[in-house]
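# Summary of the model geometry
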Amino acid sequence: VQAQASTPDPLFQWFDEAGAPAWSVSERASETASEQAAVPLMAHPWFEDVSDLSIEIIGGDPFEVAAHRDRVVLLNFWATWCGPCRIEMPEIQAVWEEHQDDGLVVLALDQDESTEDVQAYFAELGLTFTPLLDEGNRTAASYGLQGTLPASIFINPEGKVSVIHRGVMTRGQLDGCLEQTLAR
């Protein structure tokens, strides 16, 4: 008989007006054997539906989460001047290359910079996933992520947020968050 892993008690928890859990923040160990460091604090919004989210894609129509049901979406908040973002981007590119045929959508949401700066950065690093602009940092602010770079939101195939991660992510952490997102 195997013991089932228990979910750790949250470090912080927020409740909505009706008294139902809305968010919890916990620290957990990475689920991958190769990753020994603890995953930084992550917020877990329960049942937050973001299917109405629409963001401007550089040189294209807006990205709408509702049009990508049945796919996992990784929404990464970053900026060209952010050193940790520069470290994380090749890891995100590698994950996207590995999982794009499985339907993974990776969106890099730049924080209030010009289209030209973003395109030059993507060309310099050889990034091929989708760049977006967050004019006025409106999307970041709506998730409490303004001024927190890098940060990532994982959206499950039902269009609900499964993980919000603040800080740079390693490959093992990206894989763990994807696994957690697919499990929800």
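To keep things clear, this report deals only with the structure shown in the data block. (Residues numbered from 1 in each chain as written. Predicted model: local features only at pLDDT ≥ 70, side-chain atom pairs only at ≥ 80, totals over all residues. Heavy atoms only, no water.)

### So, the state of the cysteines
Cysteine pairs can be covalently joined through their sulfur atoms, and such a bond is termed a disulfide. Considering all chains together, one arrives at 1 disulfide under this definition. Through a disulfide, Cys82 is tied to Cys85; the S-S separation comes to 2.4 Å. Looking along the S-S bond of the Cys82-Cys85 disulfide, the torsion reads about 80°, which is the right-handed sense. For the pair Cys82 and Cys85, one class covers both residues: buried. (Disulfide = S-S within 2.5 Å. Buried < 20%, exposed > 50% of the residue type's maximum accessible area, 1.4 Å probe, protein only.)

### A short note on the side chain of Thr139
Structurally, the position occupied by Thr139 is in helix H3 (residues 138-142). Judged by its relative accessible area of 12%, Thr139 falls in the buried class. Aside from chain neighbours lying at most four places away, what touches Thr139 is Leu53, Ile55, Phe77, Leu109 and Asp134. (Helix = DSSP H or I, 4+ residues; strand = E, 2+ residues; numbered from the N terminus. Contact = heavy atoms within 4.5 Å.)

### Here's the deal with helix H1 (residues 83-99)
A rise of 1.5 Å per residue sets the reference length of H1, with its 17 residues, at 24 Å; its end C-alpha atoms lie 25 Å apart and thus fit the reference within 8%. The sharpest bend along H1 comes to roughly 30°, located at Met89, with the proline Pro90 sitting one to four residues further on. Here H1 has its buried residues at Cys85, Glu88, Met89, Ile92, Gln93, Val95 and Trp96. Where H1 is buried, its residues meet strand S6 (73-78), strand S7 (105-111), helix H2 (115-125) and helix H4 (171-183). (Expected span 1.5 Å × (residues − 1). Bend = angle between axes of the 7 residues up to and from the residue.)

### Some remarks on the pattern of salt bridges
Oppositely charged side chains can form a pair if their charged atoms are brought close together. Under the definition given, this model contains 3 salt bridges. The partner of Glu124 in a salt bridge is Arg86, with the nearest N and O atoms 3.0 Å apart. A residue pair is termed long-range when its members are at least 10 positions apart, and Glu124 in helix H2 and Arg86 in helix H1 qualify at 38 residues. Judged by its relative accessible area of 33%, Arg86 falls in the partly exposed class. (Salt bridge = Lys/Arg side-chain N within 4 Å of Asp/Glu carboxyl O.)

### Describing the packing of H1 against H4
Taken N-terminus to C-terminus, the directions of H1 and H4 make an angle of 45°; their axes are 9 Å apart at the nearest point. Overall, the two elements H1 and H4 adopt an arrangement that is oblique. The chirality of how H1 crosses H4 is right-handed. Mapping the contact onto sequence places Glu91, Ile92, Ala94, Val95, Glu98 and His99 in H1 and Arg171, Leu174, Asp175 and Leu178 in H4. Its residues placed into classes, the contact of H1 with H4 shows 5 nonpolar, 1 polar and 4 charged. (Axes fitted to C-alpha atoms, helices over the stretch in contact; angles between N-to-C directions. Parallel < 35°, antiparallel > 145°, perpendicular 65-115°, else oblique. Left-handed = near helix turned anticlockwise from the far one by under 90°. Nonpolar A, V, L, I, M, F, W, Y, C, P; charged D, E, K, R; others polar.)

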